[in-house]
Every structure is written in structure tokens, then in C-alpha cells.
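This is what each chain is made of:
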Amino acid sequence: MKFKTFVITKRKLTAVTLSTVMVISGIVAAKVLAVRSVRVFKASDTVYKDILSEELPDKEEKHISIKNIINRVVGFDAESPETIIEEYSPIFERTTSDEPQTSESEGIEEVQEDNKSDEQNTEQIPQEEPLLPDKTAICTANGLKINNATNFDVDADAMCAEEISLSAGTSEPLVLIVHTHTTECYNGDEMSGETERNTDDTLNVVAVGEEIKAVLAENGINSVHDTTYHDYPSYQGAYSRTLTTIENQLKANPSIKIVLDIHRDAFIYPDGSKLSVSYDDRGEKTAQVMLVVGTNSMGLWHDNWRENLKFAAKIQNAAEIMYPGLMRPINLRTERFNEHMTLGSLIWEVGSNGNSLEEAKRGGREAARAMAAVLNAK
């Protein structure tokens, strides 16, 4: 059975009807262009718990047309009303074949023609793990990059130098891993059509969360990975549902001090290409990671956001030492994103919809090793 679907990103909502298109005016377009981060609703305090509206990529990267921005705000192409969702597909069935299909047999013939090269490839040179930075190095930052979307005057380097109350050294669960947008997946065969969602936990961000959990365990840090679906079958209200999950887990595991909400970023350019954020790690393409820190800028209680920022700054600094190029700038936001629940709550944006799942797994593992270094250095 075919279902009409559309791209659900952090800047687009499903609750759009055909009648909405008829009332779009120049006022809406002007308002869209007046802000850097595209948002649909601004009326209530609860809305921002439900929407993660990342800033658009650098305007110099690719041209963003007015028509494209308007289409993204209303949730579908105004010139193609058939893209309005009619039924929500539990299997996210593909309705178009615009994306190129990669055959599993591609490249086999070339490999078979060069047996000598194939033999050489079996002898992989072992890659040394980076040396773990000590406490002094972790707390001494110089030039940490931060994209500050708030009016707060913050110095990431100074935050990094401050003490945090978080540390490893307990056999009880210290970390909770959750996913507000659990079905987010990556580019490739695992991408289910236009929805960019997948309910197979081996193909979406849950798989990245498993990698993070494994690395933490290797470093003596016990974690709980809650794989509850918060964005399915309904996308809107995902952050509220995640908050309930966090509250329940903190009651069941009072030893938890750190909550990691693992996402992947997303953006589709007007030409159809997707945002890919990566760096070359010793010959392997690895997805970059962005730490998102929420604040109380919008009036919601979150007086401990600076503690979260200090933790993020230390992770950022340790990662820059261990894996130069892994981290995107810290993103300090006006929204709260459920980060008021602990002194170590962060959103991790691991890669984007233009990255592959394997790239994201590598990025998640490296960021987890950096966090483990921070906690074990304490």
C-alpha cells in the first residue's frame, strides 16, 4: 500500500492542512526571512519542547531560495499539493525513486581483477588509539568554538576550566541515553524514502546510541539505553514524551547524573542534496558531532544550564585533543530541551541526514571516548 509522505525535519511539522496553503501571504515570507532559525510557532512556552529548530547551514554554502524556505515552513511544496500527508505510514514506504540506488555488486568486478591489491587490503595497519588527555589538559581550553543563539555572555574556555560535579567511579548506572527523535536515520539504503525515518533500531539513531553505550562500558561507565519511540507514530510532542521517559528512568535509577539525547541533524538543499558533516579520521570518513546546550532564555526553569555547558566544554576540549576535527561548535540555545533534569544533560547531534550510518557510529564512538576521558580524569 502506498502512502504519500514528506520530509519531516527539525524545521517542519506534520500538522499542516491544504487550507493552510491558501492563506500564505507576503507577511509570512517576510517573517521567515527575518529570523535565522526557521520556526513555525512562537505562541506558547511548551512549543519549544516539541521542536528542535536548528539554524540553517552557512548561507555561503549554498543558495537558499525564498520559495524553498516558504515551502519548508508550511511543510510541503505549495505547487505540489499531492505531497500533503494523507496517512501516516508505519513502514515509511518509498513513494519516489529520485534518490540514486546503490547496487551491492558495484565494485566487485574491479576488486576481482586485482588480486594483488585485494591481498594487500587484508593486511590492515592497526590504528593507535589517541592518548587520553589528563585532567589539566581537559580543563585547559584555548579557543573553543561556540555558536551562541542566546543573549547570555559566555566564555567557553572559562567554562571548561571550572570544576564539575560529575565523575565516573561507580558501578551503578551513571548515564541515560535516550532519543527524542528515535526514528531518525542516515543516508543510504537504510533511508526510508522521503520521510528520512526508519523503525528498525539497527538502522536509526538507536544504533548510534548502542555504540555510545558500548564505548562507555569499555571505559568503566555504566549506562542505561532507553529506546522508547518518542516521535512515532506522532512527531509533534516528542520532547514532552521524552521528558516523561527521563523522569521515569531517574526514579528507577537515582544514580543517573547524565542524560544524553542522541539525534542526527538534517537539512536538504534546494538541489536535493543533503547536509553531510564529517572529517577525515586517519583515512576514515567520520561524522562530526555537535553538542547542543539548552538554557532558560525563554523563561522555562533551567537554572543549572551553566553546569551543562561546563560539561559540554570539557567534552569538546577533550575531543579536540583526541580527535581534531570531530566536533562542530557547541550550540547554545534559547530552548530548554529537557536539559533541566540533571547537571549533565546534553543533546548530541551525531552527523546529519547526508552522512552514512557507519560514519555516524564512528563519530558517536569517538565522542563517547572523549566524554569517558572527562569523567575518568575527575
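All values derive from a computational prediction rather than experimental measurement. Per chain, the residues get numbers from 1 upward, laid out in the order the sequence is written. Where totals are concerned, whole chains, interfaces and linings use all residues; where local detail is concerned, this predicted model gives features only for residues with pLDDT of at least 70, and gives and counts side-chain atom pairs only at 80 or more. The side-chain values count all of the structure's non-hydrogen atoms but skip hydrogen atoms and water molecules.

> Quick one: what's the story with the pattern of salt bridges, residue by residue and with numbers?
Just to be clear on terms, a salt bridge is a Lys or Arg side-chain nitrogen sitting within 4 Å of an Asp or Glu carboxyl oxygen. Throughout the structure, instances matching the rule amount to 13 salt bridges. Note that Glu 196 is salt-bridged to Lys 274, the shortest N-O span being 3.6 Å. Taken as a pair, Glu 196 in the loop between strand S2 (175-178) and helix H9 (205-218) and Lys 274 in the loop between strand S4 (258-265) and strand S5 (278-281) lie far apart in primary sequence, 78 residues in all. Accessibility classification places Glu 196 together with Lys 274 in one group, the buried group. The secondary structure listing takes helices from DSSP runs of H or I that are at least 4 residues long and strands from runs of E that are at least 2 residues long, numbered from the N terminus. Under the scheme applied here, a residue whose accessible area is under 20% of the maximum for its type counts as buried, over 50% as exposed, and between as partly exposed, the area being computed with a 1.4 Å probe on protein chains only.

> Quick one: what's the story with the sheet that holds S4, residue by residue and with numbers?
If you walk across this open sheet you meet the seven strands as S1-S8-S7-S9-S4-S2-S3, and the pairing is mixed. The sheet is open, and its two edges are formed by strand S1 (146-148) and strand S3 (223-225), each paired on a single side. For this sheet, the mean inter-axis angle between neighbouring strands, taken without regard to orientation, is 25°. The pairing of S2 with S3 spans three bridges and is classified as parallel. Within the sheet, the bridge partner assigned to Ile 177 lies in S3 and is His 225. We treat two strands as partners when DSSP finds at least two bridges between them. Orientation is described by axes fitted as lines to C-alpha atoms, over the contacting stretch for helices, and by angles from 0 to 180 degrees between their N-to-C directions.

> Now, about the packing of H9 against helix H12 (residues 357-377): what can you tell me, with residues and values included?
The geometry of H9 relative to H12 is characterised by a closest axis approach of 8 Å and an angle of 30° between their N-to-C directions. With respect to the hand of their crossing, H9 and H12 are arranged in right-handed fashion. On the side of H9, the interface is formed by Ala 207, Val 208, Glu 211, Ile 212, Val 215 and Leu 216, while H12 contributes Leu 357, Ala 360, Lys 361, Gly 364, Arg 365, Ala 368, Arg 369, Met 371 and Ala 372. Each residue is assigned to one class: nonpolar for Ala, Val, Leu, Ile, Met, Phe, Trp, Tyr, Cys and Pro, charged for Asp, Glu, Lys and Arg, and polar for all the others, Gly among them. Of the residues that constitute the contact of H9 with H12, the class distribution is ten nonpolar, one polar and four charged. Note on convention: the crossing is left-handed when the near helix lies turned anticlockwise from the far helix by less than a right angle, right-handed when the turn is clockwise. We call two residues contacting when some pair of their heavy atoms lies within 4.5 Å.

> Please give an account of helix H10 (residues 238-252) that cites residues and values.
Taking 1.5 Å of rise per residue, the 15 residues of H10 would be expected to cover 21 Å, and the 21 Å separating its terminal C-alpha atoms lies within 8% of that figure. Listing the buried residues of H10 in full gives Ala 238, Tyr 239, Thr 242, Leu 243, Thr 245, Ile 246, Gln 249 and Leu 250. One side of H10 carries all its buried residues, which in axial view fall inside an arc of 165°. Of the exposed residues in H10, the ones pointing more than 90 degrees away from its buried face are Lys 251 and Ala 252. Take the residue count of a helix, subtract one, and multiply by 1.5 Å to get its expected span. Here the arc refers to the directions that run from the helix axis out to each C-beta atom.

> Just give me the short version of the nonpolar core, but keep the residues and values in it.
What is meant by a nonpolar core is a set of buried Ala, Val, Leu, Ile, Met, Phe, Trp, Tyr and Cys residues, joined one to another through side-chain atoms within 4.5 Å. Counting residues in hydrophobic clusters, the biggest one holds 55 residues, and the most contacted among them are Val 175, Ile 212, Leu 260, Phe 311, Trp 348 and Met 371. Examining the composition of this core, we find that ten residues originate from one element, H12, more than from any other. Residues contacting Phe 311, with those up to four places away along its chain left out, are Ile 164, Leu 166, Ile 258, Gly 344, Leu 346, Met 371, Val 374 and Leu 375. Among the nonpolar cores identified, the runner-up in size contains seven residues, and Leu 176, Val 178, Val 224 and Ile 246 belong to it.

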